[in-house]
Amino acid sequence: PGALRRPGYVTSQAEKDFDCMLMPQRCQDVDSKLGQSVAKALVNVTGKGSARGLGPGSLSDEEFAGVFHAVMEDSGEKGELDEEEYDSFQGHFMHRVKAQSGSLHHVVTAAWKQAKPVMPKKQAEHMNAHPETRTFKVASVSMPAYLAEKRLGLLPGSEKHSVDAPRTSSRAPVPEAFDSRDEWPKCKSVIGHIHNQGHCG
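Residues numbered from 1 in each chain as written. Predicted model: local features only at pLDDT ≥ 70, side-chain atom pairs only at ≥ 80, totals over all residues. Heavy atoms only, no water.

### Some remarks on the nonpolar core
Ranked by size, the top nonpolar core spans 23 residues in total, and within it Phe-93 and Trp-112 carry the most contacts. Listed by contribution, the elements that provide at least two residues to this core are α2 (27-46), α3 (61-75), α4 (83-97) and α5 (104-115). With near-sequence residues (within four places) excluded, Trp-112 lies in contact with Leu-34, Phe-68, Val-71, Met-72, Ser-75, Glu-77, Phe-89 and Phe-93. (Core = buried A, V, L, I, M, F, W, Y, C linked by side-chain atoms within 4.5 Å. Buried < 20%, exposed > 50% of the residue type's maximum accessible area, 1.4 Å probe, protein only. Helix = DSSP H or I, 4+ residues; strand = E, 2+ residues; numbered from the N terminus. Contact = heavy atoms within 4.5 Å.)

### Some words on the packing of α4 against α5
At a minimum axis distance of 8 Å, the contact between α4 and α5 shows a crossing angle of 135 degrees. Relative to α5, the element α4 is oriented oblique. The hand of the α4/α5 crossing is right-handed. Every residue of α5 that contacts α4 at Phe-89, His-92, Phe-93, Arg-96 and Val-97 is listed here: Val-107, Val-108, Ala-111, Trp-112, Gln-114 and Ala-115. Residue composition of the contact of α4 with α5, by class: eight nonpolar, two polar and one charged. (Axes fitted to C-alpha atoms, helices over the stretch in contact; angles between N-to-C directions. Parallel < 35°, antiparallel > 145°, perpendicular 65-115°, else oblique. Left-handed = near helix turned anticlockwise from the far one by under 90°. Nonpolar A, V, L, I, M, F, W, Y, C, P; charged D, E, K, R; others polar.)

### Topic: the confidence of the model for the protein chain
Here the protein chain averages 76 in pLDDT, while 69% of its residues score no lower than 70. In the model of the protein chain, helix α1 (residues 13-22) stands out as the element of lowest mean pLDDT, 53, in contrast to α4, which has the highest, 94. pLDDT under 50 marks residues 1-11. Its contacts with residues more than four places away, or in other chains, come to 25 contacts. (pLDDT = per-residue confidence, 0-100.)

### Things to note about the environment of Ser-88
Structurally, Ser-88 is set in helix α4. Among the residues examined, Ser-88 registers a relative accessible area of 29% and is labelled partly exposed. Each C-alpha atom of the pair Ser-88 and Pro-117 lies 8.6 Å from the other, and the pair is 29 residues apart in sequence.

### Comments concerning the pattern of salt bridges
Scanning the entire structure with this criterion turns up six salt bridges. With a closest N to O distance of 2.9 Å, Lys-40 and Asp-74 form a salt bridge. Pair noted here: Lys-40 is in helix α2 and Asp-74 is in helix α3, with a separation of 34 residues, a long-range link. The partner of Asp-179 in a salt bridge is Arg-181, with the nearest N and O atoms 2.8 Å apart. (Salt bridge = Lys/Arg side-chain N within 4 Å of Asp/Glu carboxyl O.)

### Examining the packing of aromatic side chains
Inspection of the entire model under this criterion finds seven aromatic pairs. Considering the side-chain rings of Phe-68 and Phe-93, the 5.3 Å spacing of their centres and the 40 degrees angle between planes classify their relative orientation as tilted. Of the two residues, Phe-68 sits in helix α3 while Phe-93 sits in helix α4, which places them 25 residues apart along the sequence. As far as the burial class goes, Phe-68 and Phe-93 line up, both buried. The rings of Phe-68, Tyr-86, Phe-89, Phe-93 and Trp-112 are connected pair by pair, giving a single aromatic cluster. In this arrangement the basic side chain of Arg-96 is found over the ring face of Tyr-146, its NZ or CZ atom lying 4.5 Å from the centre. (Phe/Tyr/Trp six-rings, centres within 6.5 Å; stacked < 30°, edge-to-face > 60°. Lys NZ or Arg CZ within 6 Å of the ring centre and 35° of its normal.)

### Things to note about the side chain of Gln-90
Looking at the secondary structure, you find Gln-90 in helix α4. Note on Gln-90: relative accessible area 18%, which makes it buried.

### Regarding the side chain of Ser-75
As for its position among the elements, Ser-75 is in helix α3. Here Ser-75 falls in the buried class, since its relative accessible area comes to 15%. Only 3.3 Å separates the side chain of Ser-75 from the backbone nitrogen of Glu-77, close enough to count as a polar contact. Beyond its immediate sequence surroundings of up to four residues, Ser-75 is in contact with Lys-33, Ser-37 and Trp-112. (Polar contact = N/O pair within 3.5 Å; in protein donor to acceptor, adjacent residues only side chain to side chain.)

Laid out in structure tokens, this is it:
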């Protein structure tokens, strides 16, 4: 039972992950459980007592798929996804495995975290049915974490996207009408672009 819920209340993995965001010390437990599931799956799939020293090129796509299924079973997350989310998770996992480097354990763990759906439908429904101390509703977000991160905006100090916009004095009087596209024509294409915000809720 988590500190944020009443004693004896059984939580889903999504609630544990959510609490982990609120209370970072819990992340160690989540990472430890995932690490144990990955280690067990790698030993079962490779047939060796340890997967140490094996790199990502050591396993075929079929073996990585076997590791994925084994971790899903061991972690208990399989029951928290519908069929479409499960298939999407596996597809993104297989894609992210190829983008990693390092030990086999690191590759699988990193790919897992990146490909995992942010908030699967069943978990959002469960959390909304049992709000406990929350005063808000949770929306389902089936996209993988690595794609969701891209929607969070630019990193501070990103020189690639910065524009040398002219500075104005803060003492200038406020005009009756103002259009930044007219004021800074060099920036018109950036300022005038309307981004699709449909995913913002």
